[in-house]
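# Close look at the chain arrangement
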Amino acid sequence: MIRIAGGEKLAGTVQISGAKNAALPAIIASLLTTKPVVLHNVPHLADVETAVTLVQALGKEVRWRGRTMEIRGGEELHPEAPAELVQRMRASFLALGPLLARAKRAKVPLPGGCALGPRPVDFHLYGLARLGARITFANGAVLAEAKFLRGTSVYLDFPSVGATEQLLLAGTLAEGETVIINPAREPEVADLAELLRKMGAEVRWDTDRVTIRGRRELEGAEHTLIPDRIETGTYLLAGAITGGKVRAENVEPQHLAALLDRLSLAGCEIEVGKAWVELIGPRRPKPVDFRTWPYPGFPTDLQPPMVAFLALAEGRSTITETVYAARFGHVEPLLQMGAKIQVSGSVQVVDGVEGLRPAAVEATDIRAGAALVLAALAANGVSHVRGEQHIRRGYENMVEKLRALGARVWEEED
Ligand code: UD1
């Protein structure tokens, strides 16, 4: 658990790590080739370790050198993903397409629901079926078989990040052109497309679609992952919620437009450079309304931390979650800390309070965890945030990074 003595204004500079959500599909993309894939700027995170264990279990060799990872081997792939890894991390399901394309047959357990509500994989399966896969289910796993994949057009009912990545991956080894209509446009998806291009696939983005021309084989590649925009947003919000001054470096400010817009409406002073953002927090935020939306909309992963910030606003904010059915794991613990939040359907009505109280609270997922850490940083007194293992899935050295900004934060055995 994390112990936080809140009430300090944070001040200083934080170096942002490579993006978790770019690292996971990139590691899985290495299954598409027998040549070495070298990734730079890879964050040391529990989820990255899970992705490494997964590709190793499927036949790859992985070597770390600092933040560089080299993945090689895998002439023969083992086409069955271990259930435990898919349960631990849903992104493991992305192995289905590459395994199918390489080994003609793949078995990957269904990920099931999670703390954010039901999260089906129907778009992934629909897309792979359109490419010619025969999909069956046995003992909670998906079995996909195809002698070869044939490109075709696939319309996604929602611009799902995972389904777009699944089809990008599978499409690189399919015969002819795969066209994804209504694809996700998150920077992490574009980063995967960039890696696949370096591996020899042809990928073209148009306004409403992405087209992949498949190849018989892919090459190796060397690629630097983009900065983590969700981690960036979290540290800027840590500055904002404490009324402090935080500078985030090694970032891509363009990826943060929706957040920066709402933060400035809330009264934050923001300065943006080529690869940095500096923020000065207000004494108390002004209320702001927003809805989560696929990129370039406001990222759902920053909704819980933003709610923690607006819990202190001078007035009422209305927040609508449109990406997940039930992303409210932060609400109950924030109420314990004195926040005033009412949930009705997908809407949270947040009536700002003057101060939050310290409490012992429990994180149930990564971003709810981040929200609770932020709330604890603002609350005068000592809070305990349990469930640090969730936070570790997505934040590299969070405690050290916060301490470098002047926070009084410790890791403790529960
Ligand atoms: C990715 C991110 C996650 C982020 C999410 C939305 C990774 C590893 N994770 O998750 O941090 O919160 O994007 O930006 O990159 N859906 C279906 N059927 C499907 C697929 C998705 O109904 O086959 C629904 C989901 O239940 C969810 C919504 O679509 O409600 C968005 O999911 P998706 O964009 O696929 O998110 P992930 O790729 O799982």
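The numbers attached to residues start from 1 for each chain and follow its sequence in the written order. The model is predicted, so local features are restricted to residues of pLDDT at least 70 and side-chain atom pairs to those at 80 or more, both for listing and for counting; the totals for chains, interfaces and linings are taken over all residues. Hydrogens and water molecules were not included; the side-chain quantities draw on all heavy atoms of the structure.

## Brief notes about unusual backbone geometry
In the segment running from Tyr295 into Pro296, the intervening peptide bond is cis, with an omega of 10°. Numbering of helices and strands runs from the N terminus, with a helix taken as a DSSP run of H or I at least four residues long and a strand as a DSSP run of E at least two residues long. With respect to the element layout, Pro296 can be found in the loop between β17 (290–291) and α10 (303–310). Look at Lys104: it is not a glycine, yet its phi comes out positive at around 75°. With respect to the helices, strands and loops of the structure, Lys104 is situated in the loop between α4 (96–103) and β6 (105–109). The phi dihedral of Asn397 is positive, around 45°, even though this residue is not glycine. The buried label applies to any residue whose accessible area, calculated with a 1.4 Å probe on protein chains only, is under 20% of its type's maximum; exposed applies above 50%, and partly exposed to all values in between. Overall, the relative accessible area of 42% leaves Asn397 in the partly exposed class.

## Remarks on the environment of Leu94
Position of Leu94 relative to the elements: it lies in the loop between α3 (83–88) and α4. Distance from Leu94 to Gln166, taken between C-alpha atoms, is 5.5 Å for residues 72 residues apart in sequence. In contact with Leu94, not counting residues within four places along its chain, are Pro25, Ile28, His124, Gly162, Glu165, Gln166 and Leu169. Note on contacts: a residue pair qualifies if any of its non-hydrogen atoms lie within 4.5 Å across the two residues.

## Details of the pairing of strand β12 (residues 209–213)
In this description, strands pair whenever DSSP reports at least two bridges between them. By the bridge criterion, 5 bridges tie strand β10 (residues 177–181) to β12 in an arrangement that is antiparallel. Looking at β12, one finds that Thr178 is bridged to Ile212. Alignment of strand β11 (residues 202–205) against β12, held across 4 bridges, turns out to be antiparallel. The partner of Trp205 across the bridge, within β12, is Val210.

## Looking at helix α5 (residues 122–130)
Those residues of α5 not exposed but buried are His124, Leu125, Gly127 and Leu128. Axial view of α5: buried residues confined to an arc of 160°, hence all on one face. Tucked inside the fold, the buried residues of α5 contact α4, β7 (134–138), β8 (141–145), β9 (153–155) and α6 (161–171). Two residues or fewer after α5 comes Gly132, characterised by a positive phi angle close to 110°. By definition, the arc is the one covered by directions from the helix axis to the C-beta atoms.

## Notes on the nonpolar core
Grouping buried Ala, Val, Leu, Ile, Met, Phe, Trp, Tyr and Cys residues that are joined through side-chain atoms within 4.5 Å yields what is termed a nonpolar core. In terms of nonpolar packing, the biggest core is built from 71 residues, with Ile27, Val48, Leu96, Leu168 and Leu196 touching the most fellow members. Setting aside anything within four residues of it in sequence, one finds Ile27 in contact with Leu39, Val48, Ala51, Val52, Val55, Met69 and Ile71. Counting 68 residues, the second largest nonpolar core, distinct from the first, contains Val277, Leu312, Ala339 and Leu356.

## Side note on the site of the ligand
Neighbouring residues are identified by heavy atoms, a residue being near a molecule or strand if any of them is within 4 Å of it. Around the ligand, the structure places 19 residues, and the nearest of them are Asp122, Phe123, Ser160, Asp301 and Val323. For the purposes of these results, a polar contact is taken to be a pair of N or O atoms within 3.5 Å, where, inside protein, one atom must be able to donate a hydrogen and its partner to accept one; residues adjacent in sequence count only when each atom of the pair is a side-chain atom. Between the ligand and Asp122, the relevant distance is 2.6 Å, taken from a nitrogen atom to a side-chain nitrogen or oxygen of the residue. The contact in question runs from an oxygen atom of the ligand to an N or O atom on the backbone of Phe123, over 2.7 Å. Of all the secondary-structure elements, those providing two or more residues to the shell around the ligand are α1 (20–29), α5 and α6. For the shell around the ligand, the element with the highest residue contribution is α5, accounting for 3 residues. Residue classes in the shell around the ligand are distributed as 10 nonpolar, 5 polar and 4 charged. For every domain, the bounds stem from an assignment made automatically or drawn from a database. Counting contributing residues per domain, the shell around the ligand is built from domain 1 (2–17 + 227–411) and domain 2 (20–214), each supplying no fewer than three. The residue classification treats Ala, Val, Leu, Ile, Met, Phe, Trp, Tyr, Cys and Pro as nonpolar and Asp, Glu, Lys and Arg as charged. All others, Gly included, are polar.

## Re the packing of aromatic side chains
Each pair of aromatic rings taken from Phe, Tyr and Trp, with Trp reduced to its six-membered ring, is defined by centres within 6.5 Å and is described as stacked if the planes are under 30 degrees apart, edge-to-face if over 60, and tilted in the remaining cases. Counted according to the given criterion, the structure contains 1 aromatic pair. Each ring, one from Phe290 and one from Phe298, has its centre 4.1 Å from the other, and the planes form 35°; the classification is tilted. For Phe290, a relative accessible area of 6% gives the class buried. Distance and angle both matter: a charge sits over a ring if NZ of Lys or CZ of Arg is within 6 Å of the ring centre and within 35 degrees of the ring normal. Between Arg247 and the ring centre of Trp276, over which it is positioned, the NZ or CZ distance is 4.2 Å.

## A short note on the domain arrangement of the protein chain
For the protein chain, the assigned domains read domain 1 (2–17 + 227–411) and domain 2 (20–214). Using only C-alpha atoms to locate each centre, domain 1 and domain 2 end up separated by 30 Å. Contacts between domain 1 and domain 2 engage 22 residues on the former and 22 residues on the latter. For the domain 1 and domain 2 pair, buried surface summed over both sides reaches about 1,800 Å², with 53% attributable to carbon and sulfur atoms. Any Lys or Arg side-chain nitrogen found within 4 Å of a carboxyl oxygen on Asp or Glu counts as a salt bridge. For the pair domain 1 and domain 2, the interface holds 3 salt bridges. As a salt-bridge pair, Glu396 and Arg67 come within 2.6 Å of each other at their nearest N and O atoms. A quick way to say it: buried area is the sum, across both parts, of accessible area lost when two parts are put together, with a 1.4 Å probe.

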